[in-house]
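# Report on the structure
This is what each chain is made of:
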Amino acid sequence: MLSATQFFEQLAPAQQPVVIRGFAKSWPIVAASTRSPLDFVAYLNKFYTGKKARMVVAPPAANKRFYYNDELTDVNYLSGEERLDLFLDRLLQLADREIYPAISMQNAQTDDILPGLAAENASDFFPQLTPRLWIGNEGIVSAHYDGADNLACVVAGRRRFILFPPEQTAHLYPGPLNFTPAGAPTSMVNLNQPDFERYPLFKRALAEAYSVELDASDAIFIPMLWWHHVESLEKVNALMNYWWNGSSAPDAVSPSPIDSLNIALLAMRDLTQKQRDAWRCMFDHYLFHQGCNPRSYIPEHQWHILGDLSAEDVRTIKNYFIAKLQK
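Residues numbered from 1 in each chain as written. Predicted model: local features only at pLDDT ≥ 70, side-chain atom pairs only at ≥ 80, totals over all residues. Heavy atoms only, no water.

The strands that make up a sheet pair up through hydrogen bonds in the backbone, lying either parallel or antiparallel. Strand order in the open sheet made by the five strands is β3-β7-β12-β9-β10, with mixed pairing throughout. Both outer strands of the open sheet, β3 (65-66) and β10 (210-215), are each paired with one neighbouring strand and no more. With six bridges joining them, strand β9 (residues 158-164) and β10 adopt antiparallel strand pairing. Residue pairing across strands places Leu163 opposite Tyr210, the latter belonging to β10. (Pairing = 2+ DSSP bridges. Helix = DSSP H or I, 4+ residues; strand = E, 2+ residues; numbered from the N terminus.)

Right, here's the structure in full:
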C-alpha cells in the first residue's frame, strides 16, 4: 500500500495523475455504500445535525450535464440550499425512475454538515485536513481545472475521470474566466458529443487524454491545473476529496494564482503582441526559470522576493501590491 511519505515525496511532486486503488477500502462509509444505497444513506444520517448544504438540480433535458444554457447567458441548472436528509431521501426516490433530473450536493465541508464523519473515515495522508463531500446521482461535470492539488476518493458508486494536462489548455477551448458553472473555467467542448467542426483543435487534446473508471474506495490524484471531466455512473454516487495547497490551502493569501491571471490580463491587455512577447520573456526568466534561476547568480542577501520567504513576509508583500491596486 502506498504510504503518505511516498505520495508526498515521490508522486505528488512529479505532478502527474496517479490512481490509488483501494485507498479507502477500510472506511466505514465505503462498507455501507457497498452493502446498499439504503445503508449508505442511513450511515450518513447518523452524523447529520440539521444544517443545510448547497444543492444543484438539472432537468432531464440537460442530459445529466451541469453546464451553461445554450445561449451562454446562464447555467442550465437550479441551485439552492436544502437539508441533507431530505436530499438523500430524494436521491433514493429518483433511483427507481427511468426519467429523472440530475441532482447533486456539492463541495460540503464534512466537519460542518456531518461532524464526526471525517474522523471515522480518516486518512493518514491528511491528518489535519477536512475533506469535502460530493453526493448525487448520474451526472456530468465538464472539463475544468482546480487551483490546487486534489486527491479525490470515490466512496459510493462509480465515477469516470478524463484528464488533460495543462499543455492542452488551448485545445480544450476554455470558456469565460469570470462566468463559470462552478467557480472554475470550463471547456466549451461537450466531451460526450464533441463538435470537431467548431472545435477542431480538440482532437489534439483527445490524443493526450487520460481516462479511468474508479470504484468505491479508489482514489485519483489530480495535479493542480490538470483539466478533468467527471461522470458519475450510478444513481447513488459519492466522493470525498482533499485540496491541500495553492488557492485551496488553509493559509492561502489573496491574490490567488487565478486572481493574478486576471490582474495580468488587465495590466497587459493594451500591449502590442511584440510587447506581450517581451513580457513572456520576463515571466520565463523570473517565474519559470527558463535558462537559469536568478538565485544562481544574485547574492543571497539581495534575493528579496526571489528568496525563501516566511508566511508573514508573503502577506506583507502581497498586501503592499494589493494596496497599490486599490489606489
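Having seen it, we continue.
Two aromatic rings are characterised by how far apart their centres lie and by the angle between their planes. For the structure shown, the criterion picks out 23 aromatic pairs. With centroids separated by 6.2 Å and ring planes inclined at 55 degrees, the aromatic side chains of Phe8 and Phe125 adopt a geometry described as tilted. Taken as a pair, Phe8 in helix α1 (residues 4-11) and Phe125 in the loop between α6 (117-120) and β6 (132-136) lie far apart in primary sequence, 117 residues in all. Phe8 gets classed as partly exposed once you look at its relative accessible area, which sits at 29%. Between the aromatic rings of Phe164 and Phe202, the centroid separation amounts to 6.1 Å while the plane-to-plane angle is 55 degrees, which identifies the pairing as tilted. Placement of Phe164 in strand β9 and of Phe202 in helix α7 (residues 202-207) is noted, with a sequence separation of 38 residues between them. (Phe/Tyr/Trp six-rings, centres within 6.5 Å; stacked < 30°, edge-to-face > 60°. Buried < 20%, exposed > 50% of the residue type's maximum accessible area, 1.4 Å probe, protein only.)

So, on to the layout of surface pockets. If you add up the space inside the second largest pocket, you get close to 550 Å³. Considering the residues around the second largest pocket, the lining is formed by 19 residues, among which Arg65, Tyr67, Tyr68, Asp70 and Asn190 are closest to the centre. Taken together, the residues of the lining of the second largest pocket break down into nine nonpolar, six polar and four charged. (1 Å grid on protein atoms, 1.4 Å probe; cavity = no way out; pocket = protein on both sides within 12 Å on 5 of 7 lines; lining within 4 Å. Points joined across faces, edges and corners; volume = space filled by probe spheres on them. Nonpolar A, V, L, I, M, F, W, Y, C, P; charged D, E, K, R; others polar.)

What follows covers the packing of helix α3 (residues 37-45) against helix α4 (residues 84-94). Closest axis-to-axis distance for the α3/α4 pair is 11 Å, and the angle between their directions is 180 degrees. By the criterion of interaxial angle, the relationship of α3 to α4 is roughly antiparallel. Here Pro37, Leu38, Val41, Leu44 and Asn45 of α3 lie close against α4, whose contacting residues are Asp85, Leu88 and Leu92. Of the residues belonging to the contact of α3 with α4, the class tally is six nonpolar, one polar and one charged. (Axes fitted to C-alpha atoms, helices over the stretch in contact; angles between N-to-C directions. Parallel < 35°, antiparallel > 145°, perpendicular 65-115°, else oblique. Contact = heavy atoms within 4.5 Å.)

What follows deals with the nonpolar core. Across soluble globular proteins, nonpolar side chains show a tendency to be buried alongside one another. Trp27, Ile29, Met105, Ile135 and Leu151 are the most contacted members of the largest nonpolar core, which totals 48 residues. Setting aside residues up to four positions removed in sequence, Met105 forms contacts with Ala53, Arg54, Met55, Leu84, Phe87, Ile113, Leu133, Trp134 and Ile135. Core analysis: the next-biggest nonpolar cluster, separate from the first, contains 12 residues, Phe164, Val189, Phe202 and Trp227 among them. (Core = buried A, V, L, I, M, F, W, Y, C linked by side-chain atoms within 4.5 Å.)

The next thing to look at is the sheet that holds strand β1 (residues 18-20). Pairing in this open sheet of eight strands is antiparallel, and the strands run β1-β11-β8-β13-β6-β5-β2-β4 from one edge to the other. Strands at the two margins of the open sheet, each flanked by one partner only, are β1 and β4 (78-83). Going from strand to strand, the sheet's axes swing by 25 degrees on average, the running direction of each strand aside. As judged from the four bridges shared by strand β5 (residues 102-109) and β6, these two strands associate in the antiparallel manner. When the bridges of β6 are listed, Ala108 appears paired with Leu133.

What follows is about helix α2 (residues 28-35). Every buried residue of α2 is accounted for by Ile29, Val30, Ala32 and Ser33. For α2, the buried positions fall inside an angular range of 160 degrees around the axis, keeping them on one side. Exposed residues lying more than 90 degrees from the buried face of α2 are Thr34 and Arg35. Residues of α2 that are buried sit in contact with α3, α6, β8 (150-156) and β13 (237-243). (Arc of directions from axis to C-beta.)

A word on the packing of α2 against α3. At a minimum axis separation of 6 Å, α2 and α3 run at an interaxial angle of 145 degrees. Where α2 approaches α3, its residues Pro28, Ile29, Ala32, Ser33 and Arg35 are matched on the opposing element by Asp39, Phe40, Tyr43 and Leu44. Taken together, the residues of the contact of α2 with α3 break down into six nonpolar, one polar and two charged.

Looking at the secondary structure, you find Asn237 in strand β13. The exposure class of Asn237 is buried, given its relative accessible area of 0%. If we ignore the near neighbours within four places in the chain, the residues touching Asn237 are Trp134, Ile135, Gly136, Asn137, Ala156, Gly157, Arg158, Arg159 and Ser232.

The analysis is restricted to geometry; functional conclusions fall outside its scope.
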